[in-house]
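Listed below, chain by chain, are the residues.
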Amino acid sequence: MMVHNVCMVSDFFFPNTGGVESHIYQLSQCLLQRGHKVVIITHAYGRRTGVRYLTNNLKVYYLPLMVAYNQCILPTLFPTLPIIRYILLREGITIVHGHSAFSALAHEAMFHACTMGINTVFTDHSLFGFADASSIITNKILKFSLADVQNVICVSHTSKENTVLRAALAPHKVYVIPNAVDSAVFTPDPSQRRSDRTTVVVMSRLVYRKGIDLLAGIIPVLCASHPDVHFLIGGDGPKRILLEEVREQYQLHDRVQLLGSVSHEDVRDVLVQGDIFLNTSLTEAFCIAIVEAESCGLQVVSTRIGGVPEVLPDQLIYLAEPSVKSLLNALKNAAEDKRRGRIISPRERHERISAMYTWQDVARRTETVYDATAELPSSTLADRIHRYSHSGSGWVLFVLLLVIVNYLFWKLLEILVPRKKIELVPTQITKSSQREAT
Amino acid sequence: MPWRKVLYEDQGYPDNYVDSSFLEQLQKNLNTRSYDYWNTVYESGAVTDHISATCLFVVTFVYLESGVLSPKLLILLTVASCFLGYIAYAACAVHLGETVHKSHLHVWIVIRTAVVFLLFTFSLSPILYTLTESVSTDTIYAMTVFMFAGNILVFDYGTTAAIVSESMSFNLAMFGSMCLASRLTTVLHTFSIVSFAVEVFALWPELRRKVNATHRGCKMGVSCGSVLVSVSALWSVSTVAAVLLGMVHFVVTFLCPRWLIQLQPYKNNIQGPWDEVSIVEKMEVRM
């Protein structure tokens, strides 16, 4: 078995909460259990700077870099080389794994790793369009950044197609490994449900791309046609005003409850109060929310967009077109099935999801990607120049300049801060370093 | 077992397996329209109209400054053409089947608005007159050129591009005319040019839109007429400028449509299941 020394890099990590953050954390924990070494690099969060240790001695480097926008660092490229080089050499890293296309730190770390001859893997968590200005710029950056990456992981087949088109990658370089859910946390509890009503739970940020406009169209109609339906909406955002207006206009104060922002540890307690989970997103690469809801035993109604049709089998989900009419139909079917008792029990849903999506499985599949990555030769400077100069883009000269300057800077650092002087971190023997049976 | 595009079960294929159905749902250039050359030439009349109007305005300013045109005459012409324009507008509206009687186009409302506007402008003219007095003439002319160029750039020609901004184009035009107004000698001059500017940049485009909507032939007539008027007006001021204007009109009318059509094969719009769904037309529901 190949033991890898992996360095996960992303701007998004604890104490920030979100999909990417928990993905990195859970994956790292499972890889540690499988006997690999995992280290995480992220930027400092407020006063949380320096080296911290999380559960199972998971080491996290909180680098003192300036946060510019949306929890991302200011992309400066060259100044991060000394510290990242030092960390990678000290920890003896063999693979650098970057997360999220939005993370400037991930792109920079992968760029430096490539300069140093360390192989890289990238995981893409989101879908992008091609038409608007921000997408065009991000895709351009992604194309150059992923030209050097050995392997890419996407969370769904739709995401794979999207990433292959955006970054002009060879499809066999892209692996599809879905997200997973911690089923020990998301357990069902039917006793929390009210038997006199049908509770529809919505748990998302209240923004346009989560389809809150569709929700605002659904609420009055459903409340009028089904007197026992109540809505429990968790999350906050700019579209909250819209929902409050709808509630006000149709006098539904006793039937629509807006909880505001729900912290990560309370999500499960809100979910178990519901009978039906409603997801109205307009675009999703994977949609972990529906899997969490399924794990808590709720019936799931969702829009048929992005990667959602791939996530759950037809018996476990009611899919609808992203329109008010279609979603209402699906909700009515779900409510009808519940009334008739024609539903799969919460316990059984939980069992099925626990078998489908586990972090241990994700870690095993990621390990396969690492094995494949380690066997590939690392690119030399000549390789990179050759590859870039044949990409046929107007930005080639600029990118080549960055590559060469970074290389020279690295060589300078090799002289100024020689490797022999860098103290290596001693290898720790953890308690559970046995490899799990595949 | 054939491969299915699902994530919930292990199908026995490696994670980087590329099926023959890969990118099957990709659609290219779904919503593109094909352009017909002469239709595009016809539609480009909107741009030539506006350029002609701007040039006409500048020529009027030149005459006003040199003293050939007296401000009183200009005010008279402005009011008369406004009156005629209103009649034409109402006639076109009736022809198109819209109600004039109770709407904002009603005679008394229009007269009241016009009177209020004229009074306000007249009272503000002394201030406008001295607004950019301290700026040097060269700067004024440069600023005016930029303002009018900006106006032509962001003017609403009937499309819904992101760059279009009706209010911004009008603001730029007014600021341009303000710059020019400061070079004039008396307050009455200022008042006349500002009123004329409002007529040319705010009222004339409205009338143009109405007339063009009425009849297809009208649009061509209006475009040809405005080109002739502007080129001949400019000719009396400066032959070189008139020739340049003629060339600009030629390029915009005949060469730009050819260029647009030549660029169409390079279009590469990609659509697929990863796109964010647009819900504009999906919000309606039967109660």
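Overview of the structure. This structure is a prediction, so every number in the text was calculated from the model and none was measured.

Rules behind the numbers
Along every chain, residues carry numbers that run from 1 in the direction the sequence is written. All chains are assigned letters beginning with A, and all ligands numbers beginning with 1, in the order in which they are written. Totals for whole chains, interfaces and linings use all residues, but because this is a predicted model, local features are given only for residues with pLDDT of at least 70 and pairs of side-chain atoms are given and counted only at 80 or more. The side-chain quantities take in all heavy atoms of the structure and omit both hydrogens and water. Contact definition: two residues touch when any of their heavy atoms are within 4.5 Å. Buried area, as used here, totals the accessible surface that two parts lose on assembly, with accessibility defined by a 1.4 Å probe and the loss added over both. A carboxyl oxygen of Asp or Glu within 4 Å of a side-chain nitrogen of Lys or Arg is what we treat as a salt bridge. At least two DSSP bridges between two strands are needed for those strands to be called paired. In this description a helix means any DSSP run of H or I spanning at least four residues, a strand means any run of E spanning at least two, and both kinds are numbered starting from the N terminus. For helices, the fitted axis covers only the stretch in contact; all axes are lines through C-alpha atoms, and the angles between them, taken along N-to-C directions, range from 0 to 180 degrees. Burial classes follow relative accessibility: with a 1.4 Å probe on protein chains only, a residue under 20% of its type's maximum area counts as buried, one over 50% as exposed, and anything between as partly exposed. When the strands point away from the viewer and the connection leading from the first strand across the helix to the second strand turns clockwise, the crossover is called right-handed. Pairs of cysteine sulfur atoms within 2.5 Å are what we label disulfides. Here a patch means residues that are over 30% exposed by relative accessible area and free of salt bridges, tied together within 9 Å if like-charged and within 5 Å if nonpolar (Val, Leu, Ile, Met, Phe, Trp, Tyr). Note on areas: Shrake-Rupley with a 1.4 Å probe; residue coverage comes only from the protein chains shown. The span one expects for a helix is its residue count, reduced by one, times 1.5 Å. What is called the bend at a residue is the angle between a pair of axes, fitted to the seven residues leading up to and ending at it and to the seven starting from it. For classification purposes, angles smaller than 35 degrees are called roughly parallel, those larger than 145 roughly antiparallel, those between 65 and 115 roughly perpendicular, and all remaining angles oblique. The handedness criterion is simple: a crossing whose near helix is rotated anticlockwise from the far helix by less than a right angle is left-handed, and one whose near helix is rotated clockwise is right-handed.

**Describing the interface of chain A and chain B**
Then step 1. Contacts between chain A and chain B engage 42 residues on the former and 27 residues on the latter.
Then step 2. Both faces considered, chain A and chain B share a buried interface measuring about 3,200 Å² in area, 67% of it formed by carbon and sulfur atoms.
Then step 3. Broken down residue by residue, the surface that chain A buries against chain B is led by His 157, Glu 161 and Leu 165 of chain A, which jointly contribute 19%.
Then step 4. For the interface between chain A and chain B, the tally reads three salt bridges.
Then step 5. Across the pair Glu 276 of chain B and Arg 209 of chain A runs a salt bridge, and its minimum N-O distance is 3.8 Å.

**So, the sheet that holds strand β16 (residues 317-320) of chain A**
Residue and element names in this part refer to chain A.
Then step 1. Spatial ordering of the open sheet is given by β13-β12-β11-β14-β15-β16, a layout of six strands whose pairing is parallel. The open sheet has two edge strands, β13 (256-260) and β16, and neither has a second partner. Going from strand to strand, the sheet's axes swing by 20° on average, the running direction of each strand aside.
Then step 2. Summarising the sheet, strand β11 (residues 198-203) and strand β14 (residues 276-279) pair through two bridges and their orientation is parallel. Counterpart to Val 201 in the pairing with β14 is Phe 277.
Then step 3. The strands touched by helix α6 (residues 212-225) are β11, β12 (229-234), β13 and β14; relative to β12, the strand with the most contacts, the crossing angle is about 155°.

**Quick notes on the sheet that holds strand β10 (residues 174-176) of chain A**
Residues and elements named next belong to chain A.
Then step 1. An order of β3-β4-β2-β1-β7-β8-β9-β10 is seen for the eight strands of this open sheet, with the pairing classed as mixed. The strands lining the two open edges of the sheet, one partner per strand, are β3 (50-54) and β10. Along the sheet, successive strands turn relative to each other by an average axial angle of 25°, direction set aside.
Then step 2. In terms of strand pairing, strand β9 (residues 151-154) meets β10 through three bridges, oriented parallel. Note that in β10 the partner of Ile 153 across the bridge is Tyr 175.

**Notes on the pairing of strand β15 (residues 299-303) of chain A**
Residues and elements named next belong to chain A.
Then step 1. When you tally the buried positions in β15, you get five out of five residues, the bulk of the element.
Then step 2. Residues Gln 299, Val 301 and Thr 303 of β15 are buried on one face, and the alternating residues Val 300 and Ser 302, pointing to the opposite face, are buried as well.
Then step 3. Where β14 lies against β15, four bridges are found, and the strand directions are parallel. Residue pairing in the sheet places Leu 278 in a bridge with Val 301 of β15.
Then step 4. A crossover connection joins β14 to the parallel β15 through helix α9 (residues 288-295); in handedness this β-α-β unit is right-handed.
Then step 5. Relative to β16, β15 runs parallel, the two being bridged by four bridges. Bridge pairing in β16 places Val 301 opposite Tyr 318.

**Looking at the state of the cysteines**
Disulfide: a covalent bond formed between the sulfur atoms of two cysteine residues.
Then step 1. What the rule picks out here adds up to zero disulfides over all chains.
Then step 2. With no disulfide of its own, Cys 287 of chain A has Cys 296 of chain A as its nearest cysteine by sulfur position, at a separation of 14 Å.
Then step 3. The thiol of Cys 92 of chain B is unpaired, and the distance to the nearest cysteine sulfur, on Cys 218 of chain B, comes to 6.7 Å.

**Things to note about a nonpolar patch on the surface**
Residue and element names in this part refer to chain B.
Then step 1. A surface patch of nonpolar side chains, about 490 Å² in accessible area, is lined by Trp 38, Phe 250, Val 251, Phe 254 and Leu 255.
Then step 2. When residues in the nonpolar patch are grouped by element, the largest group, four residues, is from helix α9 (residues 239-263).
Then step 3. Position of Phe 250 relative to the elements: it lies in helix α9.
Then step 4. Judged by relative accessible area, Phe 250 falls into the partly exposed class, the value being 45%.

**Quick notes on α6 of chain A**
Residues and elements named next belong to chain A.
Then step 1. In this model α6 runs 20 Å from its N-terminal to its C-terminal C-alpha over 14 residues, within 8% of the 20 Å that 1.5 Å per residue would give.
Then step 2. Of all bends in α6, the biggest is about 25°, found at Ile 218, and the proline Pro 220 comes one to four residues later.
Then step 3. For α6, the tally of buried residues reaches twelve of 14 residues, placing the bulk of the element in the interior.
Then step 4. Buried residues of α6: Ile 212, Asp 213, Leu 214, Leu 215, Ala 216, Gly 217, Ile 218, Ile 219, Pro 220, Val 221, Leu 222 and Cys 223, and no others.
Then step 5. Residues of α6 that are buried make contact with β11, β12, α7 (240-249), β13, β14 and α11 (324-340).

**Quick notes on the packing of helix α2 (residues 45-66) of chain B against α9 of chain B**
All names here are of chain B.
Then step 1. At their nearest, the axes of α2 and α9 sit 10 Å apart, and the two run at 165° to each other. Classified by the interaxial angle, the pair formed by α2 and α9 is roughly antiparallel. As α2 runs across α9, the sense of the crossing is right-handed. For the pair α2 and α9, contact is made by Val 47, Thr 48, Ile 51, Ser 52 and Cys 55 and by Leu 245, Val 248, His 249, Val 252 and Thr 253, respectively.

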